[in-house]
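A closer look at the structure
If you want the building blocks of each chain, they are given just below.
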Amino acid sequence: MNRRSSNPDGILIVSFQYWPALSARSFRWTALAERWASEGREVQVVCARSPDRPAFEAVRGVRVHRVGPAWMESLRGAARPADGRAESDRGVIRRTAAAAARTIWHAVYWPDTSCTWYFAARAKARELIAAGAPQALVTVSPTFTAVAVGRSIARDAGRGFHWLIDLGDPFSFADEAPPNNFLLYRRLNTRFERSCFAMADSISVTTSETRDRYAALFPESAGKIAMIPPLVDFPEIGGPAAPPRADRRRLVFLGRLYPSIRRPDYLLSLFASLAEEPGGERYELHFFGDSWQCEADFAPHKRMLGRNLFVHGPVPRERAIAEMRSADVLVNIGNDTRYQLPSKIVEYAMTGRPILNIVPNPDDSSANFLTPYPAHLTLTARPGGPTPEDLGRLREFLEHPPEEIPQAALRAWLAPFALPEISARYGALLSGSPRLVEPRRR
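Residues numbered from 1 in each chain as written. Predicted model: local features only at pLDDT ≥ 70, side-chain atom pairs only at ≥ 80, totals over all residues. Heavy atoms only, no water.

**What to know about the overall build of the protein**
- Check the secondary structure of the protein and you find 15 helices and 14 strands.
- In the protein, the share of contacts with a sequence separation of at least 24, taken over all contacts with a separation of at least 6, comes to 74%.
- For the protein, the accessible surface area stands at approximately 19,400 Å², while carbon and sulfur atoms represent 55% of it. (Helix = DSSP H or I, 4+ residues; strand = E, 2+ residues; numbered from the N terminus. Contact = heavy atoms within 4.5 Å. Areas by Shrake-Rupley, 256 points an atom, 1.4 Å probe, with all protein chains shown as cover.)

**Observations regarding the pairing of strand β4 (residues 62–67)**
- In terms of residue burial, β4 counts as a mostly covered element, since five of its six residues are buried.
- For strand β2 (residues 42–48) and β4, the ladder comprises five bridges, and the chain directions are parallel. Counted as the bridge partner of Cys 47 is Arg 66 from β4.
- Bridge count between strand β3 (residues 56–59) and β4: four bridges; the pairing is antiparallel. What sits directly across from Ala 58, in β4, is Arg 63. (Buried < 20%, exposed > 50% of the residue type's maximum accessible area, 1.4 Å probe, protein only. Pairing = 2+ DSSP bridges.)

**Things to note about the nonpolar core**
- Ranked by internal contacts, the top residues of the largest apolar core, which has 54 residues, are Leu 285, Phe 287, Leu 356, Phe 369 and Tyr 373.
- Core analysis: the second largest hydrophobic core is formed by 37 residues, Leu 12, Ala 125, Phe 192 and Ile 225 among them. (Core = buried A, V, L, I, M, F, W, Y, C linked by side-chain atoms within 4.5 Å.)

**Here we look at the environment of Asp 364**
- Tracing the backbone shows Asp 364 in the loop between β13 (355–359) and α12 (365–369).
- In this structure, Asp 364 is in contact with Gly 334, Asn 335, Thr 337 and Val 359, ignoring residues within four places of it in sequence.

**With respect to the pattern of salt bridges**
- Summed over all chains, the structure comprises 21 salt bridges.
- The shortest N-O distance in the salt bridge between Arg 263 and Asp 265 comes to 3.4 Å.
- Judged by its relative accessible area of 39%, Arg 263 falls in the partly exposed class.
- With a relative accessible area of 31%, Asp 265 lands in the partly exposed category.
- Salt bridges here are not isolated pairs; linked through shared partners, they connect Arg 53, Glu 57 and Arg 66. (Salt bridge = Lys/Arg side-chain N within 4 Å of Asp/Glu carboxyl O.)

**Re the confidence of the model for the protein**
- Considering every residue of the protein, the mean pLDDT works out to 86; 85% of them sit at 70 or more.
- Across residues 434–442, where pLDDT falls below 50, the model places 27 contacts with residues more than four positions away in sequence or in other chains. (pLDDT = per-residue confidence, 0-100.)

**Some details on the packing of aromatic side chains**
- Going through the model one piece at a time under the given rule, you end up with 17 aromatic pairs.
- Ring geometry for Phe 287 versus Phe 298: centroids 5.1 Å apart, planes at 80°, classification edge-to-face. Of this pair, Phe 287 sits in strand β10 (residues 283–288) while Phe 298 sits in helix α9 (residues 295–298); the two residues are eleven residues apart in sequence, bridging distant segments of the chain. An identical accessibility class is assigned to Phe 287 and Phe 298; each is buried. (Phe/Tyr/Trp six-rings, centres within 6.5 Å; stacked < 30°, edge-to-face > 60°.)

**Re the sheet that holds strand β14 (residues 376–380)**
- The strand order across the open sheet formed by six strands is β11-β10-β9-β12-β13-β14, and the pairing between neighbours is parallel. Each edge of the open sheet is held by one strand with a lone partner, namely β11 (309–313) and β14. Ignoring strand direction, the axes of neighbouring strands in this sheet form an average angle of 20°.
- In this sheet, β14 lies alongside β13 in parallel orientation, the contact comprising five bridges. Residue pairing for β14: Leu 356 is matched across the bridge by Leu 377.
- The strands that helix α11 (residues 343–351) touches are β9 (249–254), β12 (329–333) and β13; relative to β12, the one it contacts most, it runs at about 165°. (Axes fitted to C-alpha atoms, helices over the stretch in contact; angles between N-to-C directions.)

**Quick look at helix α15 (residues 419–430)**
- With twelve residues, α15 extends 16 Å between its outermost C-alpha atoms, agreeing within 8% with the 16 Å of an ideal straight helix rising 1.5 Å per residue.
- Of the positions making up α15, those classed as buried are Leu 419, Ile 422, Ser 423, Arg 425, Tyr 426, Ala 428, Leu 429 and Leu 430.
- Two residues or fewer past α15, Gly 432 is found with a positive phi of approximately 85°. (Expected span 1.5 Å × (residues − 1).)

**What to know about the packing of helix α4 (residues 118–132) against helix α5 (residues 145–154)**
- α5 packs onto α4 with a crossing angle of 45° between their chain directions and a minimal axis gap of 9 Å. Regarding the angle of α4 to α5, the classification is oblique. Between α4 and α5 lies a crossing whose hand is right-handed. When α4 is examined against α5, the residues Tyr 118, Ala 121, Arg 122, Ala 125, Arg 126 and Ile 129 are found in contact with a partner set consisting of Thr 145, Ala 148, Val 149, Ser 152 and Ile 153.
- The residue inventory of the contact of α4 with α5, partitioned by class, reads seven nonpolar, two polar and two charged. (Parallel < 35°, antiparallel > 145°, perpendicular 65-115°, else oblique. Left-handed = near helix turned anticlockwise from the far one by under 90°. Nonpolar A, V, L, I, M, F, W, Y, C, P; charged D, E, K, R; others polar.)

**Details of unusual backbone geometry**
- Going from Trp 19 to Pro 20, the amide bond is cis rather than trans, its omega being 10°.
- Put simply, Trp 110 and Pro 111 share a cis peptide bond, and its omega is 0°.
- Within the secondary structure layout, Pro 111 lies in the loop between α3 (92–108) and α4.

**Observations concerning helix α7 (residues 208–217)**
- Along α7, the positions that sit buried rather than exposed are Thr 210, Arg 211 and Tyr 214. Axial view of α7: buried residues confined to an arc of 100°, hence all on one face.
- On its buried face, α7 sits against β6 (162–167), α6 (182–199), β7 (202–205) and β8 (225–227). (Arc of directions from axis to C-beta.)

**So, the pairing of β9**
- Within β9, five of the six residues are buried, which leaves it mostly tucked inside the rest of the structure.
- In this sheet, β10 lies alongside β9 in parallel orientation, the contact comprising six bridges. By the bridge assignment, Leu 251 is partnered in β10 with Leu 285.
- Of the crossover connections in this fold, the one passing from β9 over helix α8 (residues 265–276) to the parallel β10 is right-handed.
- The pairing of β9 with β12 spans three bridges and is classified as parallel. In the strand pairing of β12, Leu 251 is matched with Val 329. (Right-handed = clockwise from strand over helix to strand, strands pointing away.)

What follows is the structure, encoded as structure tokens:
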């Protein structure tokens, strides 16, 4: 029997990434934590050390504890090119050594690459629970190391908190982008995740497809799994964007590229064909976000770099939002999975801007999401590259763009994805309410 929490308004969030980290889960849980703190709840966060942030600070009412080896996070940053710099620009010896180190590390770590954070995070979380006995413990994945921390703490006798596992990405069945070496750890992954689900009080995922997949995999825990969709939450003011040019139209992609589930090869070939046509010099394609893993896809198009193809690398959240709002056309590349909906596509829709949606399959989750959104063009990435029909549809879309959608209509449609709705649904889970009905678009 769990003892009663001595801090019924307390919430402890264990998440490897938190503000100012640039990731969807960081944005989501930073917004939620700050909202709950503004409502008078005591919110504490255990996250990874950041070389440029103190070990402890209060940020907009949230008490943030950054733990773990700071040198590891510095090494993580040094292991990848920065500021959009191509891998080929680095020295051959350094490039080869970095690739070898990544290969060896990927073959052995478990449950994921943040495993070195585990012991420090567990120690700090236990300390905070002993001192404050919060009502709820939220462990956020990715990365799944945070869930492993929660499992260890939840095994303690007499726990008095509600344990929520929040999954941005699946763990044990993520074949397209495995979090570890599946050849070595697949069975362990499934056993471990099953035990976590069994011990947790509730589990949240972002799509009904993910929920159904988990319900089939772990039927004994199916009743605990709730679907809470992606969150759209824009700051009131974004950072400076590039000044618009009357003679240019900017196509903007924001987000991380992955060689296994989100490659830019079809988009780049399509844009190269557009740029070679008469009048093609009027268009620019900009990438904002981590793209170094797909450096090979950019190699055939180096002649366009700096002319009408621009790779900017990761940028602060405020700058990304400003670029999103000022783009002529926003570009989405759908995940090569059927059970994930990128939170970015919801943010794109909130702007009301035209959206070019490149998907691996016609029934992609982003294509389904955009069905009621009139200002979009969805193209299926063909293995053989773009066809003249694809190019013609894109040219028509760019030359005669749809009108921007009124904000009032957008806010009504996207209300289920807004912070008040998402916060309320998590609040209901943490209070032990019955499983919620999925939100309906209005």
